[in-house]
Amino acid sequence: MKIIHIDQKYPEDWIRVLNHIANLFFEDSKLKVEPMGADMSASFDYQTGDDFSISTKANLIVDGKQYTNEYSIQYESPATDRELNIRIKRALSHVFLDVLEQHTGVHQQWGILTGVRPTKLYHKFRKEGKSEQEIADLLIRDFRLSKEKVGLLKEIVDRQLVTIPDLDSIGQEISVYIGIPFCPTKCAYCTFPAYAIGSNRKQGRVTTFLDGLHIELREMGKWLKDNDMKITSIYWGGGTPTSIEADEMDALYQTMYESFPNPETIREVTVEAGRPDTITPEKLEVLKKWGIDRISVNPQSYTDETLKAIGRHHTVQETIDKFWLARESGMNNINMDLIIGLPNEGIEEFQHSLEESAKMQPESLTVHTLSFKRASEMTRNKDKYKVADRDTVAEMMAMAQIWTKENDYVPYYLYRQKNILGNLENVGYSKAGEESIYNIVIMEEVQTILGIGCGASSKFVHPETGRITQFHNPKDPAAYIMTFEEAIGKKIEFLNELYKA
């Protein structure tokens, strides 16, 4: 914990933003006005001009050494109070980042961006009519991004517009997420709704949950049909949707296709089959029966010791065997996930994972950087899990970029998380033409995502203004069973308001 003394009491939202910047450099930090016990002191100055300009200055003192930075920006138009507040926070972040970089010698390639979706910012500037060079200059000058990260964003945005040419108008359609909250076991890094299916099966919760899910699929499908909504994509997630039995999967897909409007126009249906130990020939036959050939088979690592350490009860060989079983069963678009920075893994282990991936050539490969999520087992017991340092994870990310290019993959979506190792990112790569439409629309928040099932989050995106309202189904199966009917009613209210039904 680094204690940073600040010169005065600033608004809470300013403190949060400055705290995010400090945490890019230190594992944890706290800003406080009282100087007692502080490791360093920071002071700020800011001014706003009648010409819509903002000027800021930061001064950092650590162990008698002083670091300063000044920054000013001229805007073309006046701002509302809310917009002015955002502009000041951004300018203060700019100078605070600079003095912390001077002190630590660490350069943050993502600059002052600490949010999840940096590609949304690129799209915003694009839709405002700015040229590629203007966007690059803005991101480098005012957001302090490196040229490499700007280039990555541009490459991803270009690929997204090829994959979904109507990306800017797709808000008139809707996508659907369906959550199955069960897994064989819960991974140490996971905070998703994932409950051990064995114990829940014994308690009768699996059957009861599925009964409720069928009802929710029919009721939400009825609204979609009555309002002639066009569905872009459907994603079965969780948990692991292939944790349930083949006949249970079959019944759900039947309900889905019977209930949803115009199934022939749905561009994509994906089933997350991430845990190899849940994949069987019978389940693959069910997927094939319903014309679903997009799945995930997620190794995360190709080192058995790592899999044991993170709580995945399958072997590396099982991952390989299930991949080829899926391929031979007609799965034509398989995604695989790798995670950089898993416990006790370094350059050698990640190189091995890339070499194994090369033998299979999945249609897409998502490279995640380990994030210490607040509620995960790994975060609660950090001392138990030794992870790679900042330089090592950065080198592993560079290895992934080189490997994907050599194997004809292109980056097509990106997101970031708090407490992510090395302040890096998660990048989805695919063979050209095999990109996931769902991954793009949910990351860029360009259309409503209707969440159905346990732990499903609905994002209601206004098709004209882009304003977002969220609604969350309960994560716990027992809570879902008790409240899903109420949730159906609330979501229909949101949809009626959004589409004036």
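So, how was this worked out
- Each chain carries its own residue numbering, running from 1 in the written order of its sequence.
- In keeping with the model being predicted, local features are shown solely for residues with a pLDDT of at least 70 and side-chain atom pairs are shown and tallied solely at 80 or more, while totals for entire chains, interfaces and linings include all residues.
- The side-chain numbers reported here are obtained from all heavy atoms of the structure, hydrogens and water having been left aside.
- Counting from the N terminus, the helices are DSSP H or I runs at least four residues long and the strands are E runs at least two residues long.
- Each radius of gyration is computed over the set of C-alpha atoms, and the globule rule expresses the reference value as 2.2 Å times the number of residues to the power 0.38.
- Residue exposure (1.4 Å probe, protein chains only): buried if accessible area is under 20% of the type maximum, exposed if over 50%, otherwise partly exposed.
- Note on areas: Shrake-Rupley with a 1.4 Å probe; residue coverage comes only from the protein chains shown.
- A positive count includes Lys and Arg, and a negative count includes Asp and Glu. His and the chain ends are not counted in either.
- Think of each charge as sitting on NZ of Lys, CZ of Arg, CG of Asp or CD of Glu.
- Any cysteine sulfur atom paired with another within 2.5 Å is treated as part of a disulfide.
- By convention, a stacked pair of Phe, Tyr or Trp rings (six-membered ring in the case of Trp) has centres within 6.5 Å and planes under 30 degrees apart, an edge-to-face pair has planes over 60 apart, and any other such pair is tilted.
- Our definition puts a charge over a ring when NZ of Lys or CZ of Arg is within 6 Å of the ring centre and also within 35 degrees of the ring normal.
- A pair of strands is labelled paired if DSSP reports no fewer than 2 bridges between them.
- When the strands point away from the viewer, a crossover counts as right-handed if the path from the first strand over the helix to the second runs clockwise.
- In this analysis, two residues are considered to be in contact whenever any of their non-hydrogen atoms come within 4.5 Å of each other.
- To get an axis, fit a line to the C-alpha atoms, keeping to the stretch in contact for a helix; angles then go from 0 to 180 degrees between the N-to-C directions.
- To form a nonpolar core, buried Ala, Val, Leu, Ile, Met, Phe, Trp, Tyr and Cys residues must be joined to one another through side-chain atoms within 4.5 Å.
- Only one rule defines a salt bridge in this text: a Lys or Arg side-chain nitrogen within 4 Å of an Asp or Glu carboxyl oxygen.

- Going by what an unreviewed UniProt entry lists, the protein is known as Coproporphyrinogen III oxidase and is assigned to Lysinibacillus capsici.

1. Considerations on the overall build of the protein
Piece 1. The number of helices and strands found in the protein is 16 helices and 18 strands.
Piece 2. Over its C-alpha atoms the protein spans a radius of gyration of 24 Å, differing by no more than 12% from the 23 Å that the globule rule assigns to 501 residues.
Piece 3. When its C-alpha atoms are laid out on the principal axes, the protein stretches across 70 × 55 × 45 Å.
Piece 4. By the burial criterion, 54% of the 501 residues in the protein qualify as buried.
Piece 5. Just so you have it, the protein exposes about 22,100 Å², and 49% of that area is on carbon and sulfur atoms.
Piece 6. One finds the centroid of the 59 positive side-chain charges in the protein at a distance of 3 Å from the centroid of its 75 negative side-chain charges.

2. Regarding the state of the cysteines
Piece 1. One pass over the full model with this rule turns up 0 disulfides.
Piece 2. For the unlinked cysteine C454, the closest cysteine sulfur is that of C183, found at 12 Å.

3. Remarks on the packing of aromatic side chains
Piece 1. Counting across every chain of the model gives 20 aromatic pairs.
Piece 2. Between Y177 and Y235 the ring centres are 6.2 Å apart and the planes differ by 10 degrees, which places this aromatic pair in the stacked class. On the criterion of sequence distance, the pair formed by Y177 in strand β6 (residues 174–180) and Y235 in strand β9 (residues 231–238) is long-range, its members being 58 residues apart.
Piece 3. When its relative accessible area of 12% is taken as the criterion, Y235 is described as buried.
Piece 4. Between Y235 and Y438 the ring centres are 4.9 Å apart and the planes differ by 25 degrees, which places this aromatic pair in the stacked class. Here Y438 lies in helix α15 (residues 437–444) and Y235 lies in strand β9, a separation of 203 residues in the sequence. We note that Y235, like Y438, is buried.
Piece 5. Taken together, the ring pairs connect Y10, W14, F44, Y46 and F96 into an aromatic cluster.
Piece 6. Across from the ring centre of Y75, 3.8 Å away, lies the NZ or CZ of R87, which sits over that ring.
Piece 7. For the cation-ring pair, K431 lies above Y409, with the distance from its terminal atom to the ring centre recorded as 4.2 Å.

4. Focus: the pairing of β9
Piece 1. Of all the 8 residues making up β9, 8 are buried; the element is thus mostly covered by neighbouring parts of the structure.
Piece 2. In terms of strand pairing, β6 meets β9 through 6 bridges, oriented parallel. By the bridge assignment, I174 is partnered in β9 with I231.
Piece 3. Where β9 lies against strand β10 (residues 268–272), 4 bridges are found, and the strand directions are parallel. Bridging from a neighbouring strand, W236 pairs with V271 of β10.
Piece 4. As for the winding sense of the linkage, the β-α-β connection from β9 through helix α8 (residues 246–259) to β10 is right-handed.

5. A short note on α15
Piece 1. Here α15 lies mainly inside the structure; 7 of its 8 residues are buried.
Piece 2. The complete set of buried residues in α15 reads I437, Y438, N439, I440, V441, M443 and E444.
Piece 3. Directly beyond the C-terminal end of α15, a positive phi value near 50 degrees is found at E445.

6. Notes on the environment of N439
Piece 1. With respect to the helices and strands, the residue N439 is situated in helix α15.
Piece 2. Judged by relative accessible area, which is 16%, N439 ranks as buried.
Piece 3. Separated by 318 residues in the primary sequence, N439 and L121 place their C-alpha atoms 17 Å from one another.
Piece 4. Contacts of N439, omitting those with residues within four sequence positions, involve Y412 and Y413.

7. Concerning the sheet that holds strand β4 (residues 53–62)
Piece 1. Across the sheet, 5 strands lie side by side as β2-β1-β3-β4-β5; this open sheet has mixed pairing. On the outer flanks of this sheet lie β2 (29–32) and β5 (65–74), each paired with one strand and no other. Averaged over all neighbouring strand pairs, the angle between strand axes comes to 20 degrees, with direction disregarded.
Piece 2. Both strand β1 (residues 2–6) and strand β3 (residues 40–48) contribute to a ladder of 3 bridges, which runs parallel. Pairing of I6 across the sheet is with A42, part of β3.
Piece 3. Sheet strands in contact with helix α1 (residues 12–23) are β1, β2 and β3, and its direction is about 140 degrees off that of β2.

8. Description of the nonpolar core
Piece 1. In this structure, F96, L139, L213, I234, W236 and I295 are the most contacted members of the largest nonpolar core, which totals 129 residues.
Piece 2. In this structure I234 touches V176, I178, M256, F260, I266, E268, V269 and T270, once residues within four positions along its chain are discounted.
Piece 3. Judged by nonpolar contacts, the second largest core, of 16 residues, contains Y412, Y415, I440 and M443.

9. Let's talk about the pattern of salt bridges
For side chains of opposite charge, pairing can occur when their charged atoms come near one another.
Piece 1. As enumerated under the stated definition, the model contains 27 salt bridges in all.
Piece 2. Salt-bridge contacts for E435 lead to R159; the nearest nitrogen and oxygen are separated by 3.4 Å. Taken together, the positions of E435 in the loop between β15 (426–431) and α15 and R159 in helix α5 (residues 147–163) put the pair 276 residues apart, joining distant regions of the chain.
Piece 3. By relative accessible area, which is 5% here, E435 ends up buried.
Piece 4. A salt bridge links E445 to K459; the nearest nitrogen and oxygen atoms lie 2.5 Å apart. Highlighted residues: E445 in the loop between α15 and β16 (448–453) and K459 in strand β17 (residues 457–461), separated in sequence by 14 residues. Here E445 and K459 have matching classes, each one buried.

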